[in-house]
Amino acid sequence: MENKNGLIAFALLGLAAGAAAYYLLATDDGKRQLERANEGVKDLTKSIKELSEKEAKRAAKLAKSTKAELDNLKAKAKDAGVRAVDAAADKAHKLADKASHAVHSAEDQAEQVIEKAKSEFDKA
């Protein structure tokens, strides 16, 4: 029984497809309908192509803009890094100079204390 039902369904489907093909290919009204459908498909294809081209250009423009902004940010970050290193180097030089002066001052004071001690020792 299942085979007969499947065969009948298949036959009906074939009959419907055949009738639609006959209508579209053999009758004047069907030919007009088929031509309109073809024109609709062509218009849709053209619209999709135009939209794709427009969006591709927009995406390329956005990518170019994003790259330029990224390059700008990289340059700013590099400049900030250079300034930070320069500032740190300046601070290090200043601290080294201060330390050097402190050492020389301590050295001078030590020499004075030694000289004073020698002088007092010689007097005694």
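Under an unreviewed UniProt entry, the name given to the chain is YtxH domain-containing protein, and the source organism is Sphingobacterium haloxyli.

K.L.:
Can you explain the overall build of the chain? Please cite residues and give values.
P.N.:
A count of helices and strands for the chain gives two helices and zero strands. The principal-axis extents of the C-alpha atoms in the chain amount to approximately 140 × 45 × 10 Å. Here the chain holds 124 residues, and 1% of them are scored as buried. With an accessible surface of roughly 11300 Å², the chain has 63% of that area assigned to carbon and sulfur atoms. When the 23 positive and 21 negative side-chain charges of the chain are each reduced to one mean point, those points stand 9 Å apart.

K.L.:
Can you lay out the pattern of salt bridges for me, pointing to particular residues and giving the numbers?
P.N.:
Applying the stated rule across the entire model yields four salt bridges. Residues D29 and R32 are paired through a salt bridge, measuring 3.6 Å at the closest nitrogen-oxygen approach. One end of the pair is D29 and the other is R32, both in helix α2 (residues 28-123) and three residues apart, which spans about a single turn. By relative accessible area, which is 46% here, R32 ends up partly exposed. When the shortest N-O distance is used, the salt bridge between D71 and K67 registers 3.0 Å. Here D71 and its partner K67 are both found in helix α2, four residues apart, which amounts to about one turn of the helix. Classification of D71 as partly exposed rests on a relative accessible area of 33%.

K.L.:
Can you explain a negative patch on the surface? Please cite residues and give values.
P.N.:
A surface patch of negative charge is lined by E107, D108, E111 and E115. Secondary-structure assignment places E111 in helix α2.

K.L.:
Could you give an account of a nonpolar patch on the surface, naming the residues involved and the relevant values?
P.N.:
Side chains of I8, L12 and L15 sit close together on the surface and give an oily, nonpolar patch of about 320 Å² of accessible area. Along the chain, L15 turns up in helix α1 (residues 2-26). Judged by relative accessible area, L15 falls into the exposed class, the value being 58%.

K.L.:
Which residues make up the environment of H101, and what values go with them?
P.N.:
Relative to the helices and strands, H101 is located in helix α2. Put simply, H101 and K54 are 47 residues apart on the chain and 70 Å apart in space, counted from C-alpha to C-alpha.

Cut-offs used in this document
- Residues numbered from 1 in each chain as written.
- Predicted model: local features only at pLDDT ≥ 70, side-chain atom pairs only at ≥ 80, totals over all residues.
- Heavy atoms only, no water.
- Helix = DSSP H or I, 4+ residues; strand = E, 2+ residues; numbered from the N terminus.
- Buried < 20%, exposed > 50% of the residue type's maximum accessible area, 1.4 Å probe, protein only.
- Areas by Shrake-Rupley, 256 points an atom, 1.4 Å probe, with all protein chains shown as cover.
- Lys, Arg positive; Asp, Glu negative; His and termini not counted.
- Charge placed at Lys NZ, Arg CZ, Asp CG, Glu CD.
- Salt bridge = Lys/Arg side-chain N within 4 Å of Asp/Glu carboxyl O.
- Patch = residues over 30% accessible without salt bridge, like charges linked within 9 Å, V, L, I, M, F, W, Y side chains within 5 Å.

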